[in-house]
Amino acid sequence: MDKTTDITKKETKNIEKTHELYETAPAVDIYENENEILLHADMPGVLKENINVDIDNGTLSISGIRKLKIKGTPTYEEFTDVEYVRNFSVPQTIDVEKVEAELKDGVLRLHLPKSEAAKPRQIEIKTA
Amino acid sequence: MYTRLSDIDRLFGNMSLLQKRLNNLYDDYGRSSGYKWGFEHTSPRTNLYENGDNFELKAEVPGLAKEDLNVKIQGNYLEISGTRGSETPEGYKTHKIERGTGSFSRSFTLPADIDSSKVEATLKDGVLYLVLPKHEAAKPKKISIN
(Lines give C-alpha, C1' and ligand atoms only; values in the text may rest on other atoms or scores of the structure.)
Protein backbone atom coordinates (compact mmCIF):
# COMPACT_ATOMS: atom_id res chain seq x y z
CA MET A 1 0.00 0.00 0.00
CA ASP A 2 1.12 3.52 -0.73
CA LYS A 3 2.51 5.35 2.25
CA THR A 4 0.33 8.43 1.83
CA THR A 5 -2.86 6.39 2.01
CA ASP A 6 -1.52 4.80 5.17
CA ILE A 7 -1.27 8.13 6.88
CA THR A 8 -4.60 9.48 5.82
CA LYS A 9 -6.53 6.30 6.52
CA LYS A 10 -8.63 6.44 9.63
CA GLU A 11 -9.33 3.57 11.89
CA THR A 12 -12.77 2.21 11.15
CA LYS A 13 -13.54 1.95 14.85
CA ASN A 14 -13.26 5.71 15.28
CA ILE A 15 -16.70 7.18 15.55
CA GLU A 16 -17.30 10.20 13.38
CA LYS A 17 -18.88 12.96 15.36
CA THR A 18 -21.16 15.68 14.09
CA HIS A 19 -19.89 19.21 14.35
CA GLU A 20 -20.06 20.35 17.93
CA LEU A 21 -21.90 23.57 18.52
CA TYR A 22 -20.55 25.90 21.11
CA GLU A 23 -23.10 26.35 23.86
CA THR A 24 -23.55 29.67 25.54
CA ALA A 25 -26.04 31.35 27.84
CA PRO A 26 -27.91 34.29 26.36
CA ALA A 27 -28.02 37.53 28.30
CA VAL A 28 -31.47 38.04 29.79
CA ASP A 29 -33.56 40.72 31.45
CA ILE A 30 -36.29 39.63 33.85
CA TYR A 31 -39.13 41.87 34.98
CA GLU A 32 -42.18 41.20 37.06
CA ASN A 33 -45.42 42.93 37.87
CA GLU A 34 -48.66 41.84 39.52
CA ASN A 35 -49.91 40.03 36.45
CA GLU A 36 -46.92 38.52 34.76
CA ILE A 37 -43.21 37.85 34.56
CA LEU A 38 -41.39 39.16 31.50
CA LEU A 39 -38.23 37.60 30.15
CA HIS A 40 -36.15 39.14 27.36
CA ALA A 41 -33.23 37.18 25.94
CA ASP A 42 -30.67 38.28 23.36
CA MET A 43 -30.42 35.72 20.58
CA PRO A 44 -29.04 37.49 17.55
CA GLY A 45 -29.23 35.56 14.31
CA VAL A 46 -31.51 32.81 15.60
CA LEU A 47 -34.52 32.01 13.44
CA LYS A 48 -37.98 31.45 14.87
CA GLU A 49 -38.08 27.80 13.84
CA ASN A 50 -34.80 27.10 15.65
CA ILE A 51 -36.03 28.26 19.03
CA ASN A 52 -37.42 25.97 21.69
CA VAL A 53 -39.22 27.09 24.79
CA ASP A 54 -40.24 24.40 27.26
CA ILE A 55 -41.82 24.57 30.65
CA ASP A 56 -41.70 21.34 32.52
CA ASN A 57 -42.00 20.69 36.20
CA GLY A 58 -41.18 24.22 37.27
CA THR A 59 -38.24 24.60 34.91
CA LEU A 60 -38.32 26.92 31.96
CA SER A 61 -35.73 26.08 29.37
CA ILE A 62 -35.01 28.18 26.34
CA SER A 63 -32.70 27.16 23.58
CA GLY A 64 -31.96 28.48 20.14
CA ILE A 65 -29.54 27.49 17.43
CA ARG A 66 -27.88 30.02 15.18
CA LYS A 67 -26.58 28.92 11.82
CA LEU A 68 -25.10 31.67 9.75
CA LYS A 69 -24.28 31.28 6.09
CA ILE A 70 -20.66 32.03 5.45
CA LYS A 71 -19.47 33.33 2.12
CA GLY A 72 -15.82 33.91 1.41
CA THR A 73 -12.78 33.51 3.59
CA PRO A 74 -12.87 34.93 7.09
CA THR A 75 -10.49 37.80 7.75
CA TYR A 76 -11.45 37.54 11.38
CA GLU A 77 -14.33 36.04 13.33
CA GLU A 78 -15.55 37.11 16.74
CA PHE A 79 -18.69 35.02 16.78
CA THR A 80 -19.68 31.74 15.22
CA ASP A 81 -22.60 29.37 15.02
CA VAL A 82 -23.82 28.87 18.51
CA GLU A 83 -26.46 27.19 20.62
CA TYR A 84 -28.02 29.47 23.19
CA VAL A 85 -29.16 27.46 26.19
CA ARG A 86 -30.46 28.64 29.51
CA ASN A 87 -32.73 27.24 32.22
CA PHE A 88 -34.75 29.04 34.83
CA SER A 89 -36.89 27.93 37.75
CA VAL A 90 -40.33 29.36 37.46
CA PRO A 91 -42.80 29.50 40.32
CA GLN A 92 -45.70 27.09 40.21
CA THR A 93 -48.03 30.06 40.03
CA ILE A 94 -47.33 30.59 36.34
CA ASP A 95 -50.22 29.79 34.07
CA VAL A 96 -48.40 27.52 31.63
CA GLU A 97 -51.28 27.48 29.16
CA LYS A 98 -51.11 31.22 28.60
CA VAL A 99 -47.39 31.69 28.12
CA GLU A 100 -46.60 33.72 25.03
CA ALA A 101 -43.36 34.10 23.14
CA GLU A 102 -42.30 36.46 20.39
CA LEU A 103 -39.09 36.96 18.51
CA LYS A 104 -38.13 40.33 17.10
CA ASP A 105 -34.76 41.71 15.98
CA GLY A 106 -32.95 38.81 17.60
CA VAL A 107 -34.58 39.29 20.98
CA LEU A 108 -36.83 36.60 22.41
CA ARG A 109 -39.60 38.00 24.59
CA LEU A 110 -41.53 35.71 26.90
CA HIS A 111 -44.69 36.65 28.73
CA LEU A 112 -45.37 34.38 31.68
CA PRO A 113 -48.76 35.29 33.13
CA LYS A 114 -49.53 34.43 36.72
CA SER A 115 -52.56 32.31 37.37
CA GLU A 116 -55.64 34.04 38.76
CA ALA A 117 -55.25 32.40 42.15
CA ALA A 118 -51.73 33.75 42.54
CA LYS A 119 -52.50 37.38 41.88
CA PRO A 120 -52.50 39.61 44.89
CA ARG A 121 -55.94 40.56 46.01
CA GLN A 122 -56.89 43.62 47.92
CA ILE A 123 -59.20 42.76 50.76
CA GLU A 124 -61.70 45.36 51.55
CA ILE A 125 -62.19 46.03 55.22
CA LYS A 126 -65.75 46.46 56.20
CA THR A 127 -66.68 48.70 59.00
CA ALA A 128 -69.21 47.25 61.32
CA MET B 1 2.18 1.45 12.47
CA TYR B 2 -1.48 1.52 11.65
CA THR B 3 -2.72 1.76 15.20
CA ARG B 4 -0.02 4.22 16.15
CA LEU B 5 -1.11 6.67 13.50
CA SER B 6 -4.73 6.46 14.54
CA ASP B 7 -3.67 7.04 18.12
CA ILE B 8 -1.90 10.20 17.07
CA ASP B 9 -4.94 11.17 15.09
CA ARG B 10 -7.10 10.78 18.16
CA LEU B 11 -4.60 12.70 20.26
CA PHE B 12 -4.80 15.62 17.87
CA GLY B 13 -8.58 15.39 18.01
CA ASN B 14 -8.47 15.73 21.79
CA MET B 15 -6.00 18.56 21.56
CA SER B 16 -8.19 20.57 19.24
CA LEU B 17 -11.15 19.94 21.52
CA LEU B 18 -9.14 21.22 24.46
CA GLN B 19 -8.08 24.22 22.47
CA LYS B 20 -11.70 24.96 21.63
CA ARG B 21 -12.63 24.72 25.30
CA LEU B 22 -9.81 27.06 26.27
CA ASN B 23 -10.80 29.53 23.61
CA ASN B 24 -14.30 29.59 25.00
CA LEU B 25 -13.18 29.85 28.59
CA TYR B 26 -12.94 33.59 28.60
CA ASP B 27 -16.41 34.02 27.08
CA ASP B 28 -17.98 31.96 29.82
CA TYR B 29 -16.19 33.62 32.67
CA GLY B 30 -18.64 35.22 35.05
CA ARG B 31 -21.37 34.91 32.51
CA SER B 32 -24.12 33.41 34.61
CA SER B 33 -24.23 36.18 37.17
CA GLY B 34 -22.69 39.41 36.12
CA TYR B 35 -22.55 39.08 32.38
CA LYS B 36 -23.35 42.18 30.43
CA TRP B 37 -23.94 42.22 26.76
CA GLY B 38 -21.12 44.63 26.58
CA PHE B 39 -22.57 47.85 25.30
CA GLU B 40 -20.97 49.59 28.22
CA HIS B 41 -17.50 48.23 27.79
CA THR B 42 -17.11 47.07 24.26
CA SER B 43 -19.02 47.08 21.04
CA PRO B 44 -20.92 44.36 19.22
CA ARG B 45 -19.00 41.38 18.01
CA THR B 46 -18.30 41.36 14.31
CA ASN B 47 -17.09 38.97 11.65
CA LEU B 48 -15.37 40.04 8.46
CA TYR B 49 -15.17 37.91 5.35
CA GLU B 50 -13.41 38.53 2.10
CA ASN B 51 -15.00 37.25 -1.01
CA GLY B 52 -13.31 38.24 -4.29
CA ASP B 53 -14.90 41.56 -5.17
CA ASN B 54 -16.60 42.12 -1.82
CA PHE B 55 -16.03 42.28 1.86
CA GLU B 56 -18.86 41.03 4.03
CA LEU B 57 -19.28 42.17 7.58
CA LYS B 58 -21.65 40.73 10.15
CA ALA B 59 -22.34 42.29 13.52
CA GLU B 60 -24.45 41.09 16.44
CA VAL B 61 -26.91 43.84 17.27
CA PRO B 62 -29.86 42.21 19.05
CA GLY B 63 -32.80 44.46 19.81
CA LEU B 64 -31.69 47.31 17.59
CA ALA B 65 -33.98 48.71 14.94
CA LYS B 66 -32.50 50.12 11.77
CA GLU B 67 -33.15 53.64 13.07
CA ASP B 68 -30.79 52.93 15.96
CA LEU B 69 -27.84 52.14 13.71
CA ASN B 70 -25.45 54.30 11.73
CA VAL B 71 -22.96 53.11 9.16
CA LYS B 72 -20.31 55.46 7.78
CA ILE B 73 -17.82 54.66 5.08
CA GLN B 74 -14.94 56.66 3.71
CA GLY B 75 -12.28 55.05 1.58
CA ASN B 76 -11.23 52.00 3.57
CA TYR B 77 -12.55 53.36 6.84
CA LEU B 78 -15.80 51.96 8.18
CA GLU B 79 -17.63 53.08 11.25
CA ILE B 80 -20.65 51.44 12.85
CA SER B 81 -22.38 53.19 15.68
CA GLY B 82 -25.68 52.81 17.44
CA THR B 83 -27.63 53.03 20.63
CA ARG B 84 -29.74 50.59 22.52
CA GLY B 85 -32.31 52.11 24.79
CA SER B 86 -33.57 50.67 28.02
CA GLU B 87 -36.50 48.32 27.61
CA THR B 88 -37.65 48.35 31.21
CA PRO B 89 -41.44 48.47 31.04
CA GLU B 90 -43.45 50.82 33.23
CA GLY B 91 -44.69 49.44 36.52
CA TYR B 92 -42.53 46.34 36.49
CA LYS B 93 -40.13 45.28 39.18
CA THR B 94 -36.68 44.36 37.90
CA HIS B 95 -35.17 41.01 38.77
CA LYS B 96 -32.22 40.81 36.45
CA ILE B 97 -30.68 43.05 33.86
CA GLU B 98 -27.89 41.54 31.84
CA ARG B 99 -28.59 43.02 28.47
CA GLY B 100 -26.60 46.20 28.39
CA THR B 101 -27.86 49.50 27.13
CA GLY B 102 -26.21 52.62 25.89
CA SER B 103 -24.33 53.63 22.79
CA PHE B 104 -21.37 52.18 21.01
CA SER B 105 -19.14 53.08 18.14
CA ARG B 106 -16.77 50.80 16.39
CA SER B 107 -14.46 51.63 13.53
CA PHE B 108 -12.55 49.42 11.16
CA THR B 109 -9.76 49.92 8.71
CA LEU B 110 -10.52 47.56 5.89
CA PRO B 111 -7.76 45.95 3.84
CA ALA B 112 -8.89 47.78 0.68
CA ASP B 113 -10.87 50.80 -0.44
CA ILE B 114 -14.64 50.46 -0.65
CA ASP B 115 -16.97 51.70 -3.33
CA SER B 116 -19.29 53.45 -0.89
CA SER B 117 -22.05 54.01 -3.45
CA LYS B 118 -22.65 50.26 -3.83
CA VAL B 119 -22.65 49.23 -0.19
CA GLU B 120 -25.64 47.22 0.92
CA ALA B 121 -26.73 47.01 4.53
CA THR B 122 -29.38 44.62 5.83
CA LEU B 123 -30.66 44.11 9.33
CA LYS B 124 -32.18 40.72 10.01
CA ASP B 125 -32.91 38.89 13.25
CA GLY B 126 -30.61 41.09 15.26
CA VAL B 127 -27.65 40.71 12.93
CA LEU B 128 -26.38 43.52 10.72
CA TYR B 129 -25.11 42.36 7.35
CA LEU B 130 -22.93 44.66 5.28
CA VAL B 131 -21.84 43.89 1.75
CA LEU B 132 -18.93 46.14 0.91
CA PRO B 133 -17.85 46.02 -2.74
CA LYS B 134 -14.21 46.80 -3.25
CA HIS B 135 -13.26 49.89 -5.19
CA GLU B 136 -12.50 49.25 -8.86
CA ALA B 137 -8.76 49.71 -8.30
CA ALA B 138 -8.68 47.19 -5.47
CA LYS B 139 -10.54 44.40 -7.26
CA PRO B 140 -8.63 41.36 -8.38
CA LYS B 141 -7.90 41.53 -12.10
CA LYS B 142 -7.07 38.89 -14.56
CA ILE B 143 -4.17 39.80 -16.76
CA SER B 144 -4.11 38.27 -20.16
CA ILE B 145 -0.75 37.26 -21.54
CA ASN B 146 0.12 38.45 -24.99
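Note: the structure precedes this text.
Worth saying up front: this structure is predicted, and the values here are computed from it rather than measured. (Residues numbered from 1 in each chain as written. Chains lettered and ligands numbered in written order. Predicted model: local features only at pLDDT ≥ 70, side-chain atom pairs only at ≥ 80, totals over all residues. Heavy atoms only, no water.)

A look at the sheet that holds strand 4 (residues 77–84) of chain B
All names here are of chain B.
Then step 1. If you walk across this open sheet you meet the three strands as 3-4-6, and the pairing is antiparallel. Two strands in the sheet have a free side with no partner beyond their single neighbour: strand 3 (69–74) and strand 6 (102–109). For this sheet, the mean angle separating the axes of adjacent strands, direction not counted, is 10°.
Then step 2. In the sheet, strand 4 pairs with strand 6 via eight bridges, with the strands oriented antiparallel. Across the sheet, residue Y77 finds its bridge partner in strand 6, namely T109. (Pairing = 2+ DSSP bridges. Helix = DSSP H or I, 4+ residues; strand = E, 2+ residues; numbered from the N terminus. Axes fitted to C-alpha atoms, helices over the stretch in contact; angles between N-to-C directions.)

Regarding unusual backbone geometry
Residue and element names in this part refer to chain A.
Then step 1. Backbone geometry places N57, a non-glycine residue, at a positive phi of 55°.
Then step 2. With phi around 50°, D105 is a residue other than glycine that occupies positive phi space.
Then step 3. Within the secondary structure, D105 is located in the loop between strand 8 (100–104) and strand 9 (107–113).
Then step 4. Residue D105 is classed as partly exposed on the basis of its relative accessible area, which comes to 24%. (Buried < 20%, exposed > 50% of the residue type's maximum accessible area, 1.4 Å probe, protein only.)

Quick look at the pattern of salt bridges
Then step 1. Applying the stated criterion to the full structure yields 18 salt bridges over all chains.
Then step 2. Close ionic contact of E98(B) with R86(A) constitutes a salt bridge, the shortest N to O distance being 2.8 Å. One end of the pair, E98(B), is in the loop between strand 5 (93–97) and strand 6; the other, R86(A), is in strand 7 (residues 82–89), on a second chain. Assigned by exposure class, E98(B) and R86(A) land together as buried. (Salt bridge = Lys/Arg side-chain N within 4 Å of Asp/Glu carboxyl O.)

Description of the pairing of strand 1 (residues 46–51) of chain B
Then step 1. Relative to strand 1 of chain B, strand 6 (residues 73–77) of chain A is paired through four bridges, and the arrangement is antiparallel. In the sheet register, Y76(A) faces strand 1 of chain B, and the bridge partner there is L48(B).
Then step 2. Sheet topology places strand 1 of chain B next to strand 2 (residues 54–60) of chain B; six bridges connect them, and they run antiparallel. Note on strand 2 of chain B: the bridge partner recorded for N47(B) is K58(B).
Then step 3. Hairpin connection between strand 1 of chain B and strand 2 of chain B: a loop of two residues separates the two successive antiparallel strands, and G52(B) in this loop has a positive phi of roughly 60°.

By themselves, these figures tell us nothing about what the structure is for.
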